Amino acid sequence: MNTPLIYQKDAQLDLTIDYYHASTLPPSLVDWTFQLTKKIFIIFTESGKKAELQAPEARYLVARSTQDTTDLKGFLMFQMVQEETMDDDYMAEVAYCYELQLVEAARNQGLGEYLMGLLFQIGHHWKMEKVMLTVFKDNKGAMRFYTKKIGFKLDEISPGACLSPRKARKFDYEILSKPC
Ligand SMILES: CC(C)(COP(=O)(O)OP(=O)(O)OC[C@H]1O[C@@H](n2cnc3c(N)ncnc32)[C@H](O)[C@@H]1OP(=O)(O)O)[C@@H](O)C(=O)NCCC(=O)NCCS
């Protein structure tokens, strides 16, 4: 993929998207991605979340203002992984979205959809079967965004798909996926 990409919706949202490996992500961005994630979600173990964000396999798409490069708008962190399926003998090749976080001022203007679209293109390029992610059930906005806007469905291994309703209720998350 050639970088940077330019995403220009209107004068208010004139963005540059940079692509990084965990090893090339500048320390200031390592800190920013952690702080943004922490601001939005309760993180139960800081060291665990930091380790996840800095895993060697982690890849980042970072959106910033084209005019003011210090004005960061959001990021998507993904990894190419093998995920279990309902077939014990088969692992699926997956582009897994671990984080998609936008600063408040950049939400609801199509940036989330654009970054997700880039992940689908990357996944397709690398011949992944699907894009996958985990979403907390009480994050109703994100659930609506992924299912209604992007078209994700419950993956076959999601609690809501593979367990009885009574058992699925005990889980506070669902796993969503969509073919690349
Ligand atoms: C969820 C998120 C990534 C979506 O990105 P976005 O750029 O705001 O979304 P888009 O502008 O592309 O799409 C907006 C659509 O998603 C839905 N949506 C997104 N956030 C929503 C919210 N908080 N409440 C209700 N609906 C929401 C709306 O249905 C909206 O649909 P519309 O365009 O028909 O009005 C972004 O809002 C965000 O960073 N939220 C906080 C962090 C988070 O929850 N991340 C997901 C973790 S799994």
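Every chain's residues receive numbers from 1 upward, in the order its sequence appears when written. For a predicted model such as this one, the threshold for reporting local features is a pLDDT of at least 70, and the threshold for listing and counting side-chain atom pairs is 80 or more; totals across whole chains, interfaces and linings nevertheless cover every residue. Based on all heavy atoms of the structure, the side-chain values leave hydrogens and waters out of the count.

If you check an unreviewed UniProt entry, the protein appears there as N-alpha-acetyltransferase 40 from Absidia repens. UniProt positions are given in the numbering used here, feature names are shortened, and annotations may be inferred rather than shown by experiment. Database annotation for the protein, UniProt heading Sequence similarities (unreviewed entry): "Belongs to the acetyltransferase family. NAA40 subfamily."

A.B. asks: Honestly, the overall build of the protein in this entry has me stumped. Any pointers?
C.D. replies: Every helix listed is a DSSP run of H or I at least four residues long, and every strand listed is a run of E at least two residues long, numbered separately from the N terminus. The helix and strand inventory of the protein stands at 6 helices and 8 strands. In sequence order, the protein lays out its α and β elements as β-β-α-α-β-β-β-α-β-α-β-α-α-β. The globule rule used for comparison is 2.2 Å times the number of residues to the exponent 0.38, while the radius of gyration itself is calculated over C-alpha atoms. Taken over C-alpha atoms, the radius of gyration comes to 16 Å for the protein, in line with the 16 Å a tight globule of 180 residues would show. Taking the principal axes of its C-alpha atoms as reference, the protein extends roughly 50 × 35 × 35 Å. In the protein, once contacts between residues fewer than 6 apart in sequence are set aside, the share between residues at least 24 apart is 60%. Accessible surface for the protein amounts to roughly 10400 Å². Of this, 52% is attributable to carbon and sulfur atoms. Counting 22 positive and 24 negative side-chain charges, the protein places the centres of these two groups 7 Å from one another. Contacts were defined at the residue level, with two residues in contact if any of their heavy atoms lie within 4.5 Å. For the area figures, the Shrake-Rupley method with a 1.4 Å probe applies, and any residue is considered shielded solely by the protein chains shown. In summary, the charge assignment counts Lys and Arg as positive and Asp and Glu as negative, without counting His or the chain termini. Charged side chains are reduced to one point each, which is NZ for Lys, CZ for Arg, CG for Asp and CD for Glu.

A.B. asks: Got a minute to help me understand the nonpolar core in this structure?
C.D. replies: The tendency in soluble globular proteins is for nonpolar side chains to be buried side by side. The biggest cluster of nonpolar side chains holds 30 residues, and the ones touching the most others in it are Leu 76, Leu 111, Leu 115, Met 116, Tyr 146 and Phe 152. Within the residue set of this core, elements represented by two or more residues are strand 2 (14–21), strand 3 (59–65), strand 4 (72–84), strand 5 (91–102), helix 3 (111–125), strand 6 (130–136) and helix 4 (140–150). Ranked by residue count, the leading element in this core is helix 3, at 7 residues. Leu 111 has contacts with Tyr 7, Leu 15, Ile 17, Ala 63, Lys 73, Leu 102 and Ala 106, leaving out every residue within four places of it along the chain. Side-chain atoms within 4.5 Å are what join buried Ala, Val, Leu, Ile, Met, Phe, Trp, Tyr and Cys residues into a set we call a nonpolar core. Any residue under 20% of the maximum accessible area for its type is buried, any over 50% is exposed, and the rest in between are partly exposed; the area is computed with a 1.4 Å probe on protein chains only. Counting 14 residues, the second-largest nonpolar core is a separate cluster that includes Tyr 20, Leu 29, Val 62 and Phe 75.

A.B. asks: Is there a simple way to think about helix 3 in this case?
C.D. replies: Since the α-helix packs 3.6 residues into each turn, any two residues three or four apart lie on the same face. An ideal rise of 1.5 Å per residue puts 21 Å on 15 residues; helix 3 measures up with 21 Å between its terminal C-alpha atoms. By the burial criterion, the buried members of helix 3 are Leu 111, Gly 112, Leu 115, Met 116, Leu 118, Leu 119, Phe 120, Ile 122 and Gly 123. Taken from the residues just after helix 3, Lys 127 is the one with a positive phi, measuring 60°. For a helix, the expected span equals 1.5 Å multiplied by the number of residues minus one.

A.B. asks: I would appreciate a short explanation of the packing of aromatic side chains in the present structure.
C.D. replies: One pair of aromatic rings is described through two measures. These are the centre distance and the angle between the planes. When two rings of Phe, Tyr or Trp (its six-membered ring) have centres within 6.5 Å they constitute a pair, described as stacked for plane angles under 30 degrees, edge-to-face for angles over 60, and tilted for the intermediate range. Enumeration according to the criterion identifies 8 aromatic pairs in this entry. For the ring pair Tyr 19 and Phe 78, a centre distance of 6.5 Å and an interplane angle of 25° mean the geometry is stacked. A residue pair is termed long-range when its members are at least 10 positions apart, and Tyr 19 in strand 2 and Phe 78 in strand 4 qualify at 59 residues. Take Phe 78: its relative accessible area is 1%, and that puts it in the buried class. One aromatic cluster is present, formed by Phe 120, Phe 145, Tyr 146 and Phe 152 through successive ring pairs. A positively charged side chain is recorded as over a ring if its NZ (Lys) or CZ (Arg) lies within 6 Å of the ring centre. The angle to the ring normal must also be within 35 degrees. The ring centre of Phe 120 lies 5.2 Å from the NZ or CZ of Lys 178, which sits over that ring.

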